[in-house]
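Architecture at a glance
So the chains spell out like this:
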Amino acid sequence: MKNRERGLLKIVECLKKHNYSISRILPSQKNHLKLPFEPINLLNFVFWEKNALYEWTAFPLFYQKIFKLFYPKVFILFKMFFLNNEVKRDDVFKFFREEDVSLFIKGGILDESNGSYRFTIKLIPYQDMIISKGSSWFGKDSVIFAEYLTKDLSGMTFEKTLDLCTGTGVQAIVSKKYSKRVTASDIREGLVQNAMLNAKINNITDITFLNSNLLKNIPGKYDLITANPPYGIVSNNPDDKTYGLHTVFELLENLDNHLNNGGMASIITESVVKDGKDMVFEKIKQVFDNKNYTIVLTPLNYHINNLFFNLVHKEYGISHIPLHIISFRKNDKNMIVLLKLPLIRKIICFAYIALMYSKYFFRHEK
Ligand SMILES: C[S@@+](CC[C@H](N)C(=O)[O-])C[C@H]1O[C@@H](n2cnc3c(N)ncnc32)[C@H](O)[C@@H]1O
């Protein structure tokens, strides 16, 4: 075993021993404009203990200060392994011995300079697991989707499951609880290695990991397919009419070939709304028009593209961007439904979108 892996296993053991997972209640993504959502963060912090690490908050330090009063040791671990802050020598040696520290330095997990220490690996507490982020994506959508699968799959057992675009492997690990055999794949070989490591540190040894461009190297058919594919990577080629959804569209086109009769699939993806039409919904109607499926698109929220506002919203004429969870059941029906966002959520989302539109409008006017 390499120094890096040995070091990581030592750290995970320490995090589990000190109940690192309680730090999941700390909302950690700073954003002042999300003030209307703060009461939800507060309620979760006090009562619910759901994973809030990827929730937006106007006051991350407020939560951290209170948390530190109750859980001083866990807070140091959170600073070291989630925030990757620089910490003092004493903090590191509260948890690790001299030989562990030199193993971490040799394995490239820990940087030391002038008596200050900084860990270079990010470890995310999720449910009862610890997930090494590596160079993978991990965000609010990862948490939402893993949470959704936990609820949706509860009480079911699948023979064969496939998790595409696996990244850290979090959804594959969650799905393993409900599946006899799981295969997980990603286009990036480095991420496949990291996902394997994540299965190992969470004591799961029987997931098959593959390197594959979507379904291209995937043999056979499955009873459950899950995917959080990439989206929102907007090309500035004016002829590209997929609006950053090309991988999602390709997945939709090939899904049926890999799903057994009676099987299920769940996909989380953004869509775009242009001229009042939801593009993912339109694509699904086109691909599954003559197939026997029950397909339900559940919007979770609406937002806009801050990064490429002009291109996406002015030039392409996209009014807003919904985030959907789409559930597919391959059965004897032919039904495709796009649900509505609950009214309260719709009001909050459109208030936020109006705020962002006015911000860009005034910036442009100046
Ligand atoms: C939004 S991330 C989701 C990662 C993880 N499932 C999660 O929810 O945190 C998308 C993942 O898809 C992978 N990906 C991108 N294009 C792909 C393709 N054509 N085939 C397979 N995986 C792909 C990326 O490497 C990335 O890990």
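Worth saying up front: this structure is predicted, and the values here are computed from it rather than measured. What you see as residue numbers is a count from 1 along each chain, following the sequence as written. Per-residue local features are limited, in this predicted model, to residues with pLDDT of at least 70; the limit for side-chain atom pairs, both in listing and counting, is 80 or more; totals at the level of whole chains, interfaces and linings are taken over all residues.

1. A closer look at the overall build of the chain
Our working definition: In DSSP terms, a helix is any run of H or I states spanning at least four residues, a strand is any run of E spanning at least two, and both are numbered starting from the N terminus. Our radius of gyration looks at C-alpha atoms and nothing else; its globule reference is 2.2 Å times the residue count to the power 0.38. Counting other C-beta atoms within 10 Å of a residue's own tells you its class, since 20 or more makes it buried, 12 or fewer makes it exposed, and anything in between is partly exposed; those C-beta atoms are placed from the backbone.
Each helix and strand counted, the chain has 13 helices and 17 strands in total. Taking 21 Å as the expected radius of gyration for a compact globule of 366 residues, we find that the chain reaches 22 Å, a close match to that expectation. Taken along the three principal axes of its C-alpha coordinates, the chain extends 65 × 55 × 40 Å. Taken across its 366 residues, the chain has 37% of its residues classed as buried.

2. Section: the domain arrangement of the chain
Here is the rule we go by: Residue ranges labeled as domains rest on an automatic or database domain assignment. Placing a C-beta atom from the backbone of each residue, one calls two residues in contact when those atoms lie within 7 Å. All residues other than Ala, Val, Leu, Ile, Met, Phe, Trp, Tyr, Cys, Pro, Asp, Glu, Lys and Arg, Gly among them, are scored as polar; the first ten of these are nonpolar and the last four charged.
You can read the domains of the chain as domain 1 (3-125) and domain 2 (135-365). For domain 1 and domain 2, the distance between their C-alpha centres works out to 28 Å. Each side of the interface is counted separately: domain 1 has 9 residues, and domain 2 has 8 residues. Considering each element in turn, the side of domain 1 that touches domain 2 owes the most residues, 4 residues, to helix H1 (residues 3-17). Its residues assigned to classes, the side of domain 1 that touches domain 2 shows 7 nonpolar, 1 polar and 1 charged.

3. Notes on the nonpolar core
We count it as follows: Core membership is restricted to buried Ala, Val, Leu, Ile, Met, Phe, Trp, Tyr and Cys residues, and these are joined into a nonpolar core through C-beta atoms within 7 Å.
Of all hydrophobic cores here, the largest spans 85 residues; its most connected members are Leu15, Leu77, Phe81, Ile130 and Ile225. Split by domain, this core shows at least three residues from each of two domains, domain 1 (3-125) and domain 2 (135-365). When neighbours within four sequence positions are excluded, Ile225 is seen to be in contact with Leu162, Leu164, Leu255, His258, Leu259 and Ala265.

4. What to know about the sheet that holds strand E3 (residues 87-88)
To keep things clear, this is the line we draw: Strands qualify as paired when DSSP identifies two bridges or more between them.
Ordered by their spatial adjacency, 3 strands build an open sheet running E3-E5-E4, and the pairing between neighbours is antiparallel. Each edge of the open sheet is held by one strand with a lone partner, namely E3 and strand E4 (110-113).

5. Remarks on the pairing of strand E15 (residues 293-303)
With 10 bridges connecting them, E15 and strand E16 (residues 318-330) associate as antiparallel partners. Within E16, the residue paired with Thr298 across the bridge is Ile325. Of the strand pairs in this sheet, E15 and strand E17 (residues 334-338) are connected by 5 bridges, and their pairing is parallel. By the bridge assignment for E17, Tyr293 is matched with Asn334.

6. Notes on the pairing of strand E11 (residues 222-227)
Most of E11 sits out of view: 6 of its 6 residues are buried. Judged from the 4 bridges that link them, strand E8 (residues 158-164) and E11 form a sheet pairing that is parallel. Bridge pairing links Asp163 to Thr226 in E11. As judged from the 5 bridges shared by E11 and strand E12 (residues 259-270), these two strands associate in the parallel manner. Pairing of Tyr222 across the sheet is with Leu259, part of E12.

7. Focus on the site of the ligand
Let me state the cut-off plainly: The rule is simple: place the C-beta atom from the backbone, and if it lies within 6 Å of a molecule or strand, the residue is near it.
Neighbouring the ligand are 22 residues, the closest being Ser142, Cys165, Gly167, Ile187 and Asn228. If you list the elements that add at least two residues to the shell around the ligand, you get helix H7 (140-153) and helix H8 (170-176). Here the residues of the shell around the ligand sort into 11 nonpolar, 9 polar and 2 charged.

8. Some details on the environment of Leu53
Relative to the helices and strands, Leu53 is located in the loop between helix H2 (38-48) and strand E2 (56-57). Sequence separation of Leu53 and Ile25 is 28 residues, and the distance between their C-alpha atoms is 6.5 Å. Each residue touching Leu53, except ones within four places of it in the same chain, is listed here: Arg24, Leu26, Ser28 and Ile124.

9. Some remarks on the environment of Phe249
Relative to the helices and strands, Phe249 is located in helix H10 (residues 246-255). Assessed through the 19 C-beta atoms surrounding it within 10 Å, Phe249 is described here as partly exposed. When the C-alpha positions of Phe249 and Phe104 are compared, they lie 43 Å apart, and in sequence the two are 145 residues distant. With sequence-adjacent residues up to four places away left out, Phe249 is seen in contact with Thr242 and Lys283.

10. Re the packing of H10 against helix H11 (residues 279-288)
Where we set the bar: Here an axis means a line fitted to C-alpha atoms, over the contact stretch when the element is a helix, while the angle between two N-to-C directions is reported on a 0 to 180 degree scale. Note on angle classes: values under 35 degrees are labelled roughly parallel, values over 145 roughly antiparallel, values of 65 to 115 roughly perpendicular, and the remainder oblique. Put simply, a crossing is left-handed when the front helix is turned counterclockwise from the back one by less than a right angle, and right-handed when it is turned clockwise.
It is the contact of H10 with H11, at a shortest axis distance of 10 Å, that shows an interaxial angle of 25°. With respect to H11, the axis of H10 lies roughly parallel. Where H10 crosses over H11, the two elements pack in a sense that is right-handed. Across from Val248, Phe249, Leu252 and Glu253 in H10, the residues of H11 making contact are Val280, Lys283, Ile284 and Val287.

11. Side note on unusual backbone geometry
If a residue is not glycine, its phi is most likely negative; likewise, a peptide bond is most likely trans. Notably, Leu214 is not glycine yet its phi reads approximately 45°, a positive angle. Counting through the fold element by element, Leu214 comes out in the loop between strand E10 (207-211) and E11. Classification of Leu214 as partly exposed rests on a count of 19 C-beta atoms within 10 Å. With phi around 50°, Tyr243 is a residue other than glycine that occupies positive phi space. A count of 22 C-beta atoms within 10 Å places Tyr243 in the buried class.

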